Amino acid sequence: MATTTGGARPGIARPASIRLPGIVLGVGLGGFVDGILLHQILQWHHMLSSTDQDRVGVKFYNPDTVPGLEMNTLWDGLFHTVCWLSVLLGLALLYARVTHHRRRVWTSRVLWGWMFVGWGLFNLVEGLLDHQILAVHHVYAGEGQLWWDLGFLALGALFVAGGYLLQRGGRPFDPDAPAGRDQARPA
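Everything in this summary refers to the structure shown in the same document. Along each chain, numbering runs from 1 in the same order as the chain's sequence is written. At least 70 in pLDDT is required for a residue's local features to be given in this predicted model, at least 80 for side-chain atom pairs to be given and counted, and no such filter applies to totals for whole chains, interfaces and linings, which use all residues. Side-chain calculation: all heavy atoms of the structure are included, whereas hydrogens and water are not.

1. A closer look at the packing of aromatic side chains
Let me state the cut-off plainly: Think of it this way: a Phe, Tyr or Trp ring, Trp meaning its six-membered ring, pairs with another when their centres are within 6.5 Å, and the plane angle makes it stacked under 30 degrees, edge-to-face over 60, tilted otherwise. The helix and strand labels rest on DSSP assignments: H or I over at least four residues marks a helix, E over at least two residues marks a strand, and numbering proceeds from the N terminus. Three labels apply to residues, based on accessible area from a 1.4 Å probe with only protein chains included: buried if under 20% of the type maximum, exposed if over 50%, partly exposed otherwise in between.
Summed over the entire model, instances satisfying the criterion amount to 8 aromatic pairs. With a centroid separation of 4.8 Å and 70° between ring planes, the pair formed by Trp44 and Tyr140 is classed as edge-to-face. Here Tyr140 lies in the loop between helix H4 (109-133) and helix H5 (145-168) and Trp44 lies in the loop between helix H1 (19-41) and helix H2 (66-97), a separation of 96 residues in the sequence. Taking the relative accessible area as the measure of exposure, Trp44 reaches 25% and is therefore partly exposed. Accessibility expressed as a relative area gives 36% for Tyr140, which makes it partly exposed. The interplanar angle of 10° and the centroid separation of 6.1 Å between the aromatic rings of Phe116 and Trp119 together place this pair among those described as stacked. One end of the pair is Phe116 and the other is Trp119, both in helix H4 and 3 residues apart, which spans about a single turn. Note on Trp119: relative accessible area 22%, which makes it partly exposed. Clustering of aromatic rings is evident, with ring pairs tying together Trp44, Tyr140 and Trp148.

2. Some details on unusual backbone geometry
One non-glycine residue, Gln43, lies in positive phi territory at about 55°. Relative to the elements of secondary structure, Gln43 occurs in the loop between H1 and H2. Even without being a glycine, Ala135 presents a positive backbone phi close to 55°.

Below, the structure written as structure tokens:
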């Protein structure tokens, strides 16, 4: 099986990396968890629910009023559209790189590790940008909102670190390698 460590040997092609597809999938799936769990099920915040205290001057749409909830729902929908496009892009990238032995790649520590890295990156970027820099919403607005926001960032950092360690514990995926005894464990 070809590896992705060390220098490349002349005449031997390295297998396509699943790092980028995994990260892009993780970003989209992490966004979906945020949007579905925090925006819709728990209703802790919406995309514009803290714009009365933001740092960029976005008009406040009070989510406790019908017009405000309509505008917040619209922006939540746009956010979910970006998440959906990220998942589609990640799947397209993955499919382009892995057309054989797809079951092995879906059970791969490498793919799932990179997906957790992507989810963590989503949390870090979204948490820093929307919660801290722009302040357009917070994880759980009100007293103690900074602690909720910091917890969200800490969770993102744990996902990045844990995902990186998980993928390092897996074998590099070579879609052209035959599935044999050594290939029984997911790559």
